[in-house]
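The chain contents come next:
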Amino acid sequence: MVMLEVRELGHAYPDGHVALHDLSLKVAGGELVSIVGPSGCGKSTLLRCVAGLLRPVRGQVVLDGAPIVGVPDNLAVVFQDYSRSLYPWLSVRDNVALPLRRRGMGRAERRTVAVEALESVGLASAAGKHPWQLSGGMQQRVAIARALAYRPALLLMDEPFGSVDAQTREDLEDLLLRVRGGSGMTILLVTHDIDESVYVGDRVVVLSAAPGSVKADLPVELPAP
Ligand code: ADP
Ligand code: ADP
């Protein structure tokens, strides 16, 4: 299980936007931490830094004691913007199956696991379609199926359930909790939904934004659901 540590992270974009100011956070191996906070407080920026997609101006992201350099191994990210996350030239099934190559699975096994994952998000019937034939919410469910099928050591989710209806959202929250059980995945979940943050999270971290500066509150411990 991967232990994640964010140390005094600070970031400003080239246009001068201060997105993060001195954020420190520890996430135990296998822990699911929800991150909430007002729009613009730096949640997506934090995930981009942890994913190694953005190099912070200050501070470090440390995995199991070692500062990350580039994109960490054994990582999956579910972006908020589903339109950028799937390969348009691959079928839905192959989108889910592709990363499983890195798990050493043969072609047949990859396909079986992919179809099972699609079933779990209610999209078995879309397996042969292409992403552009699906609605935005369905594409997002494919991205979730792909991440969960891969069982990464570190899973980063940015508003993963933002584009689906309320019932599907609840189903997906339960799916995440089921898949997560016993998998040992360390998970950061960014959400606008306070109920969701408490329901799925072992812990909720609240980022607050003040005009001109953004700072992290102390992690707020909430009782487990
Ligand atoms: P949210 O996480 O609240 O859905 P976004 O992450 O899409 O919102 O954007 C948050 C804020 O960051 C918005 O005010 C948006 O205008 C701004 N923003 C996002 N991307 C850029 C960018 N490339 N350049 C400047 N501002 C941006
Ligand atoms: P959140 O995900 O909490 O909504 P973001 O991390 O998207 O917040 O954004 C934090 C701050 O950084 C906001 O002020 C936003 O406008 C700004 N920002 C985000 N992306 C960019 C970007 N690519 N260029 C410039 N400013 C950005």
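The model shown is predicted, which means the values in this text are computed figures rather than measured ones. Sequence order as written defines residue numbering, which begins from 1 separately in each chain. Labels are handed out in written order, letters beginning with A for the chains and numbers beginning with 1 for the ligands. This being a predicted model, a pLDDT of at least 70 is required before a residue's local features are given, and a value of 80 or more before pairs of side-chain atoms are given or counted; all residues contribute to the totals for chains, interfaces and linings. To obtain the side-chain values, all non-hydrogen atoms of the structure were used and water was disregarded.

What makes a residue near a molecule or strand is one non-hydrogen atom of that residue sitting within 4 Å of it. Taken together, the neighbourhood of ligand 2 is formed by 13 residues, with Gly 40, Gly 42, Lys 43, Ser 44 and Thr 45 sitting nearest. Contact between ligand 2 and Gly 40: an oxygen atom at 2.7 Å from a main-chain N or O atom of the residue. We define a polar contact as two N or O atoms separated by no more than 3.5 Å, with the added condition that, inside protein, one atom must be a possible hydrogen donor and the other a possible acceptor, whereas residues neighbouring each other in sequence contribute only through side-chain atom pairs. Cys 41 has a polar backbone atom sitting 3.2 Å from an oxygen atom of ligand 2. Residue contributions to the shell around ligand 2 peak at four residues, all from helix α1 (residues 43-50). A per-class count over the shell around ligand 2 returns four nonpolar, six polar and three charged. Each helix is a run of DSSP H or I of at least 4 residues and each strand a run of E of at least 2, with the numbering of both proceeding from the N terminus. In this classification, the charged set is Asp, Glu, Lys and Arg, the nonpolar set is Ala, Val, Leu, Ile, Met, Phe, Trp, Tyr, Cys and Pro, and all remaining amino acids, among them Gly, are polar.

With that out of the way, let us pick up the confidence of the model for the chain. Counting all residues, the mean pLDDT for the chain is 91, and 93% of those residues have values of 70 or more. Confidence of the predictor at the level of single residues is captured by pLDDT, which takes values from 0 to 100. Residues are treated as being in contact if the distance between any of their heavy atoms lies within 4.5 Å. Throughout residues 210-223 the model reports pLDDT below 50, and contacts reaching past four residues in sequence, or to other chains, amount to 24 contacts. Listed scores for the predicted complex are pTM 0.84 and ipTM 0.65.

Pairing between two strands is assigned when DSSP locates at least 2 bridges connecting them. Spatially, four strands are ordered β2-β1-β4-β5 in an open sheet, and the strand pairing comes out antiparallel. Each of the sheet's edge strands pairs with one partner strand only, and the pair in question is β2 (18-27) and β5 (66-67). In the sheet, strand β1 (residues 4-12) pairs with β2 via six bridges, with the strands oriented antiparallel. Looking at the pairing, Ala 12 lines up with Val 18 of β2. Interaxial angles span 0 to 180 degrees and are taken between N-to-C directions of axes, which are lines fitted to C-alpha atoms, for helices over the stretch in contact. Of the strands in this sheet, β1, β2 and β4 (58-63) touch α1, which is tilted by about 120° from β1.

Among the structural elements, Asp 165 can be located in the loop between β7 (154-158) and α5 (166-180). Throughout this description, buried means an accessible area under 20% of the type-specific maximum (1.4 Å probe, protein chains only), exposed means over 50%, and partly exposed covers the range between. Take Asp 165: its relative accessible area is 44%, and that puts it in the partly exposed class. Once the C-alpha coordinates of Asp 165 and Ala 143 are considered, the two residues, 22 residues apart in sequence, prove to be 16 Å apart. At 3.2 Å, the side chain of Asp 165 forms a polar contact with the backbone nitrogen of Gln 167.

Turning our eyes to something else, we now look at the pattern of salt bridges. Just to be clear on terms, a salt bridge is a Lys or Arg side-chain nitrogen sitting within 4 Å of an Asp or Glu carboxyl oxygen. Inspection of the entire model under this criterion finds seven salt bridges. Between Asp 94 and Arg 93 there is a salt bridge whose closest N-O contact spans 3.7 Å. According to the relative accessible area criterion, Arg 93 is partly exposed, its value standing at 21%. Between Glu 173 and Arg 169 there is a salt bridge whose closest N-O contact spans 3.8 Å. One end of the pair is Glu 173 and the other is Arg 169, both in helix α5 and four residues apart, which spans about a single turn.

So, about the nonpolar core. Within the largest apolar cluster, 38 residues are counted, with the highest numbers of intra-cluster contacts made by Val 96, Leu 118, Val 142, Leu 148, Leu 155 and Leu 176. Where this core is concerned, the elements lending two or more residues are β6 (75-78), α2 (92-97), α3 (107-120), α4 (136-150), β7, α5 and β8 (186-190). Top element by residues in this core is α4. It accounts for eight residues. For Leu 176, the contacting residues outside a window of four places in its chain are Leu 32, Leu 148, Leu 155, Met 157, Phe 161, Ile 187 and Leu 189. Only buried residues count toward a nonpolar core, which is a set of Ala, Val, Leu, Ile, Met, Phe, Trp, Tyr and Cys residues joined through side-chain atoms within 4.5 Å.

This brings us to the pairing of strand β3 (residues 32-36). Judged by how many residues are buried, β3 sits mostly within the fold: five of five residues are covered. Residues Leu 32, Ser 34 and Val 36 of β3 are buried on one face, and the alternating residues Val 33 and Ile 35, pointing to the opposite face, are buried as well. Of the pairings in the sheet, the one linking β3 to β8 comprises four bridges and is parallel in character. Residue pairing in the sheet places Ser 34 in a bridge with Leu 189 of β8.

Structurally, Thr 45 can be placed in helix α1. A polar side-chain atom of Thr 45 sits 2.8 Å from a polar atom in the side chain of Tyr 13. Dropping the residues within four chain positions of it, Thr 45 is found in contact with His 11, Tyr 13, Ala 19, Leu 20 and Leu 54.

Following both chains from N to C, one finds α4 and α5 inclined at 5°, their axes separated by 11 Å at the closest point. As judged from the angle between their axes, α4 and α5 are roughly parallel. Of α5, the residues touching α4 (which contributes Arg 141, Ile 144 and Leu 148) are Thr 168, Leu 172, Leu 175, Leu 176 and Val 179. Its residues assigned to classes, the contact of α4 with α5 comprises six nonpolar, one polar and one charged. Reported orientations rely on four angle classes, namely roughly parallel under 35 degrees, roughly antiparallel over 145, roughly perpendicular from 65 to 115, and oblique for the rest.

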